[in-house]
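Tertiary structure, described
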Amino acid sequence: MDKGTRRVAIFMVMPLVFVFLLLTIFPFLYMVIISFTHYNLSEWKAPYFVGLGNYINIFKDEGVLSTLEFTIMLVLIALPLEILLGGFIALFIQNLVGEKIVRSSLLLPMMIPAVVVGVIWKMLFNYEYGPVNYLLNLFKVDKISWFGDPFFARIAIVIMDIWQWTPFTFLVLYAGLQTVPNDLIEAAKVDGGNRWIIFRYVEFPMLKPLFWILIILRLIDILRMFDIVYMTSFGGPGYATHTLSFYIYKVGVSFGWDVGYASALSVLLLIVITYLTNLLIRTMKLWEYLEL
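**Quick word on the packing of helix α9 (residues 182-190) against helix α10 (residues 195-223)**
- Packing of α9 against α10 leaves a shortest axis separation of 10 Å and a crossing angle of 165°. Between α9 and α10, the angle is such that the two are roughly antiparallel. Considering how the two elements wind past one another, α9 and α10 form a crossing that is right-handed. Here L184, I185, A188 and K189 of α9 come into contact with α10, specifically with I198, V202, E203 and M206.
- The residue makeup of the contact of α9 with α10, split by class, is six nonpolar, no polar and two charged.

**A few points about the pattern of salt bridges**
- Per the counting criterion, the structure on display carries six salt bridges.
- Across the pair R154 and E69 runs a salt bridge, and its minimum N-O distance is 3.2 Å. Residue R154 is located in helix α8 (residues 150-178), and its partner E69 is located in helix α3 (residues 62-92); the two are separated by 85 residues in the primary sequence.
- A salt bridge links E82 to R218, with the nearest nitrogen and oxygen atoms 2.9 Å apart. In this pair, E82 is assigned in helix α3 and R218 in helix α10, connecting sequence segments 136 residues apart. Just as E82 is buried, R218 falls in that class too.
- Through salt bridges with shared partners, a single network forms among E82, D161, R218, D221 and R224.

**Brief notes about the nonpolar core**
- In this structure, I58, L74, F125, W146, I157, M160 and L265 are the most contacted members of the largest nonpolar core, which totals 57 residues.
- Of all the secondary-structure elements, those providing two or more residues to this core are α2 (53-58), α3, α6 (114-124), α8, α10, α11 (227-231), α12 (244-254) and α13 (259-291).
- Counting residues per element, this core draws most heavily on α8, at 11 residues.
- Here L74 is in contact with L79, I157, V158, I222, M225 and T243, once residues within four sequence places are set aside.

**Structural notes on the packing of aromatic side chains**
- The tally for this structure, following the rule as stated, stands at 22 aromatic pairs.
- Between Y230 and Y249 the ring centres are 5.7 Å apart and the planes differ by 80°, which places this aromatic pair in the edge-to-face class. Here Y249 lies in helix α12 and Y230 lies in helix α11, a separation of 19 residues in the sequence.
- Judged by relative accessible area, Y230 falls into the partly exposed class, the value being 34%.

Rules of the game
Residues numbered from 1 in each chain as written. Predicted model: local features only at pLDDT ≥ 70, side-chain atom pairs only at ≥ 80, totals over all residues. Heavy atoms only, no water. Axes fitted to C-alpha atoms, helices over the stretch in contact; angles between N-to-C directions. Helix = DSSP H or I, 4+ residues; strand = E, 2+ residues; numbered from the N terminus. Parallel < 35°, antiparallel > 145°, perpendicular 65-115°, else oblique. Left-handed = near helix turned anticlockwise from the far one by under 90°. Contact = heavy atoms within 4.5 Å. Nonpolar A, V, L, I, M, F, W, Y, C, P; charged D, E, K, R; others polar. Salt bridge = Lys/Arg side-chain N within 4 Å of Asp/Glu carboxyl O. Buried < 20%, exposed > 50% of the residue type's maximum accessible area, 1.4 Å probe, protein only. Core = buried A, V, L, I, M, F, W, Y, C linked by side-chain atoms within 4.5 Å. Phe/Tyr/Trp six-rings, centres within 6.5 Å; stacked < 30°, edge-to-face > 60°.

Below, the structure written as C-alpha cells:
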C-alpha cells in the first residue's frame, strides 16, 4: 500500500475513530475525573476537588455494604443453580421425543426483555391476588409479602434471575454437547459406561471451557443487574435488594443527584468486574495447567 492510499484509508477511518472516542473514551475519562470531585446537581454549585473523599465514603456507606451482601448472595446461589439446572436440562432433553419443541420452549424466558420479566413476576408475587400465594394457600401456607419482607424479596429476585437466565446456560451447554464426537460416546458405552460415567469422563472434560465462560458472563451480568430490581422491588425494602448498578442509579439520578459519588461507585463497579474476570481467567488457566 503506497502512502497516498494509506492516507486516504486513514482519512476514511478517522470519523469512526472520532465517534468512538466521543461516545466511549471521553465519557469514561470524564466519569473518572468527576469521581474525585464533589458534584451534586441539586446544589447548583460547580464541582470542586475532594481527592479520595468519595472513595473513602464508599467504605463507610451502609447502603454499599448491604448492596455487596445481596450481590454475593446472588453470585453464590443464583449462578451455581443456573449452571447446574442448565446442564441437567441439556443432558435430559437429548434424544427426547419432541426435542425441538422442548428446546424452543425453554428459550422463551431468555428472549423476554428484563422489564417485561419484572412486570410478570411482580404480578405473580402479588400479595393479595398473585398465583404464587394462591398455590401456597392450597398447601395451607400463609401468604408471603414477597416484596415487603427483606428475606423473601431477595429470594424473589433470585428466583426471577434463575428463571430468566437458566435457558442461556442450557443453550450454551446443549450446543457444547452436540460437539462431543459420537465415537467417544459409543466407545464408552461398549466399555460398560453408564450415563454418569459418560458425562463425567467423556462429555464434562470437553465442556469445561464452556463452564468457565458461563461463570464469567453470568458473573458480569449479575454485577450489572438493574432492570428486574427496578421493575419489582425498587431495591427495597430498605437496601435489601439493591444491586450496585441500581444503587448507582439511586445515588446519582433518582434521589441523591450526587454525580461525584455515583461516579466513584461506577469506577468501583468497573474495578470489581475487571478484577473478578481476570481472577477467573487466571484460575481457569491454573486449573488447566494442574491437569496437564
